Amino acid sequence: MHPKYDSAYKMLTYTLNGYNYHTDAVAGEFHHVRSSFTYAVMLLDLGDKQYRQRAFDVIDKTISLQDQDTASKSCGVWPYYLEEPLATKKSPIDFNWADFNAVSLLDVWMGHNKEIPAYLKPRIKNALILAAKSIEKRNMGPGYTNIAIMGTYVTYMVSHLFNLPEMQSYARKRLQTFFDYTIEKGGFSEYNSPTYTIVALDELYRMKLHIKEPSAKKQVDSLYSIGWEMIARHYHKPTAQWTGPHSRSYSTLVRPSFYAILKEASGGKIITGLEEKRPDVKIKHTIPAHLMPYFLNPVYPRTEKDIFEKDEPQTRGTSYMTSQYALSTANRSSLWNQRRPFLLYWGTPQMPKYLQIRFLHDNYDFSSATFFSDQRENKVLAGINFITTGGDKHITIDRLKEGTFIAKDLRLRFELGNVPNIDNVVLPQPGSGAINLQMDGLSFEINLFRAEIQDMDGYWVKGGDGTNSWLDFVFYSGQEKAIDLTKLSKALMALTFVVNSQEKVEKTERPNFEEKNGLLNASWEGLFLSLPIVPVAVKNVFI
């Protein structure tokens, strides 16, 4: 990280190259708050005296960017960048920055207290208390898993370090609430998330290190085991991938740091050769012993079933794993770019491949596209439609205004990861049959048997970027125009999918479907699906 350090501003620089929900800018070089805090912690952990003052300079500078106006709604929160102060930025404030940055400051306070200069101690203490008060005021519920846990950790530690009795009571209640909620649900709300399950485990590990109260420690240990159980049950050893469905993920393939976690947490028993060490060397996870067989001696084929949301309408997950592939779906979800409701993995740990379904608005995942499915082993019956009360790029931040958005391109994409070309794939005419793919000893059949958005005449195209390939069903590509979802009399897609080894190709029946009472009802190979024909308004857009 040294080359990114700017001595003039005493912060790390960061190059932004695309849209982010919480920033005004989309490109350029900026001074980044969170990574600067992380850098300072790492410099101190390094123990090299020549960098000690640099670490304190970074902390002092970055603390100064916190909103410390007690009359402000964002008091205790930091901006993403020096160049975008909270007072003037137009994009929504990310209140999570109170949680994330306070964790770094707690690392400094508890790990290097004797080294902190006298002038800086009160500044760090004040910043931590303001961040903790922001977290308490926001009072994020237990459904936002990673922030629910992280905020509990911050308020618990700050209240005990600085003797804040009322906050101590709040933190204990918050931990109890999250524990009860998670036990009742049988898992985290941010279900099966390669990103945020790890974040949750990291914070639970910190709690395991620092929390000594017996009842709280027992709860933390139980939550830690729950997180590891989700990973273990969805680990596919042949590809070394974390099978879906994923509630939130920033990459369809797991990152190399995941393998470093597995290697260390297994005592060196899980080795892929792909490990990439994480920056935070203080966190040393341990996989509970009873879960190790999932990683070392898994049984295939097998199906993992989950109920992620028990209340109606339920959210259920299915993951079917064999020695050749892993196919997973959620019965209901959105196609927000963090969701992975349909995933197929195959290949090897060194070259994993995937098939993912996306719906793109101007080449970006459209959050108001919703996904429904029914799966049994290697077969999926799925449907996609739209909601009028959702968002565009994000499920809540950029809500559609009265169900309307501007578009110059709309397409359904079947993305094939680490598949550089699909030149031999024959595309059918719309509605005239299935697409058949054969690769790596597997056979895939995609049958898009319904694809209608009002009067748009769709067509198939192939594409790729040299690393990934895709099969797109294009509904519209042309001049910008307004699309009002509330005025569409028909907008839905329905498909069947089957994967087999090439030696076991099976002939499947044609899907049966009918439109009745505003619904498309479909059945196929013992699977059933029902979804609205027109876009609908829903209260809960978090599917």
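Residues numbered from 1 in each chain as written. Predicted model: local features only at pLDDT ≥ 70, side-chain atom pairs only at ≥ 80, totals over all residues. Heavy atoms only, no water.

Overview of the sheet that holds strand 14 (residues 379–386)
Argument step 1. Strand order across the open sheet formed by 6 strands is 9-13-14-20-17-16, with antiparallel pairing between neighbours. Each of the sheet's edge strands pairs with one partner strand only, and the pair in question is strand 9 (332–334) and strand 16 (435–439). Along the sheet, successive strands turn relative to each other by an average axial angle of 20°, direction set aside.
Argument step 2. Pairing of strand 16 with strand 17 (residues 442–453), which is carried by 5 bridges, proceeds in the antiparallel orientation. Looking at the pairing, Q438 lines up with S443 of strand 17. (Pairing = 2+ DSSP bridges. Helix = DSSP H or I, 4+ residues; strand = E, 2+ residues; numbered from the N terminus. Axes fitted to C-alpha atoms, helices over the stretch in contact; angles between N-to-C directions.)

Thoughts on the pattern of salt bridges
A side chain with one charge can pair with a side chain of the opposite charge if their charged atoms come near.
Argument step 1. Taken as a whole and assessed by the stated rule, the structure comprises 26 salt bridges.
Argument step 2. For R450, the salt bridge is made with E515, and the minimal N-O distance between the two is 2.6 Å. Taken together, the positions of R450 in strand 17 and E515 in strand 21 (residues 512–516) put the pair 65 residues apart, joining distant regions of the chain.
Argument step 3. A salt bridge links E515 to K490; the shortest N-O distance between them is 3.3 Å. Of the two residues, E515 sits in strand 21 while K490 sits in the loop between strand 19 (469–484) and strand 20 (491–501), which places them 25 residues apart along the sequence.
Argument step 4. Classification of E515 by relative accessible area gives partly exposed; the value is 38%.
Argument step 5. The partly exposed category is assigned to K490, whose relative accessible area is 22%. (Salt bridge = Lys/Arg side-chain N within 4 Å of Asp/Glu carboxyl O. Buried < 20%, exposed > 50% of the residue type's maximum accessible area, 1.4 Å probe, protein only.)

Quick look at the packing of helix 3 (residues 96–111) against helix 4 (residues 121–138)
Argument step 1. Relative orientation of the contacting elements helix 3 and helix 4 amounts to 145°, with a least axis distance of 9 Å. The two elements helix 3 and helix 4 meet at a crossing, and its hand is left-handed. Taking contact as the criterion, the partners of N96, A98, D99, A102, L105, L106, V108 and W109 in helix 3 are, on helix 4, K121, I124, K125, A127, L128, A131, S134, I135 and R138.
Argument step 2. Along the lines of polarity and charge, the residues of the contact of helix 3 with helix 4 split into 11 nonpolar, 2 polar and 4 charged. (Left-handed = near helix turned anticlockwise from the far one by under 90°. Contact = heavy atoms within 4.5 Å. Nonpolar A, V, L, I, M, F, W, Y, C, P; charged D, E, K, R; others polar.)

What about the sheet that holds strand 3 (residues 27–32)?
Strand pairing within a sheet occurs via backbone hydrogen bonds; the two strands may be parallel or antiparallel.
Argument step 1. If you trace the 3 strands from one edge of the open sheet to the other, you get 1-2-3, paired in antiparallel fashion. Looking at which strands have only one partner, the edges of the open sheet turn out to be strand 1 (5–6) and strand 3.
Argument step 2. Sheet topology note: the strand 1/strand 2 (residues 11–17) ladder contains 2 bridges and is antiparallel. Counterpart to Y5 in the pairing with strand 2 is L12.

So, the layout of surface pockets
The rolling of a water-molecule-sized probe over the atoms marks out the regions of remaining empty space.
Argument step 1. In this model, the second largest pocket occupies a volume close to 330 Å³.
Argument step 2. Sort the elements by how many residues they give to the lining of the second largest pocket and strand 17 lands first, with 4 residues.
Argument step 3. Residue composition of the lining of the second largest pocket, grouped by class: 6 nonpolar, 6 polar and 4 charged. (1 Å grid on protein atoms, 1.4 Å probe; cavity = no way out; pocket = protein on both sides within 12 Å on 5 of 7 lines; lining within 4 Å. Points joined across faces, edges and corners; volume = space filled by probe spheres on them.)

Comments concerning the packing of aromatic side chains
Argument step 1. Across all of its chains, the model carries 27 aromatic pairs by this definition.
Argument step 2. Between Y80 and W97 the ring centres are 4.4 Å apart and the planes differ by 15°, which places this aromatic pair in the stacked class. Taken together, the residues span a long stretch of sequence, with Y80 in the loop between helix 2 (52–63) and helix 3 and W97 in helix 3 at a distance of 17 residues.
Argument step 3. With centroids separated by 5.9 Å and ring planes inclined at 70°, the aromatic side chains of Y196 and Y250 adopt a geometry described as edge-to-face. Taken together, the residues Y196 in helix 7 (residues 196–210) and Y250 in the loop between strand 5 (241–242) and helix 9 (256–265) connect sequence positions 54 residues apart.
Argument step 4. An aromatic cluster is present here, built from F359, F366, F386, F405, F414, W460, F473 and F475 joined pairwise through their rings.
Argument step 5. Note that K393 overlies the ring of Y364, its terminal NZ or CZ placed 5.4 Å from the centroid.
Argument step 6. Here R413 stacks its cationic end above the ring of W470, 4.1 Å away from the centre of that ring. (Phe/Tyr/Trp six-rings, centres within 6.5 Å; stacked < 30°, edge-to-face > 60°. Lys NZ or Arg CZ within 6 Å of the ring centre and 35° of its normal.)

Topic: the environment of M157
Argument step 1. When you line up the elements, M157 lands in helix 5 (residues 145–161).
Argument step 2. As for M157 and K408, which are separated by 251 residues in sequence, their C-alpha atoms are 50 Å apart.
Argument step 3. Look past the residues within four positions of M157 in its chain and what remains in contact with it is L106, M110, H210 and I211.

A short note on the pairing of strand 20
Argument step 1. For strand 20, the buried fraction is high: 11 of the 11 residues fall into the buried class.
Argument step 2. In strand 20, alternate side chains face the same way, and those of A491, M493, L495, F497, V499 and S501 on one face and L492, A494, T496, V498 and N500 on the other are all buried.
Argument step 3. Pairing between strand 14 and strand 20: 6 bridges, direction antiparallel. Its bridge partner lying in strand 20, V380 is registered against F497.

Brief notes about unusual backbone geometry
Argument step 1. Omega for the bond connecting G244 with P245 falls within 30 degrees of zero, at -5°, which places this linkage in the cis form.
Argument step 2. Assignment of secondary structure puts P245 in the loop between strand 5 and helix 9.
Argument step 3. Between Y300 and P301 the backbone carries a cis peptide bond, its omega angle lying at -5°.
Argument step 4. With phi around 50°, D362 is a residue other than glycine that occupies positive phi space.

A look at helix 4
Argument step 1. Taking 1.5 Å of rise per residue, the 18 residues of helix 4 would be expected to cover 26 Å, and the 26 Å separating its terminal C-alpha atoms lies within 8% of that figure.
Argument step 2. Of the residues making up helix 4, those classed as buried are I124, A127, L128, I129, L130, A131, A132, S134 and I135.
Argument step 3. Where helix 4 is buried, its residues meet helix 2, helix 3, helix 5 and helix 6 (165–185).
Argument step 4. Phi for N139, located one or two positions after helix 4, is positive at around 50°. (Expected span 1.5 Å × (residues − 1).)

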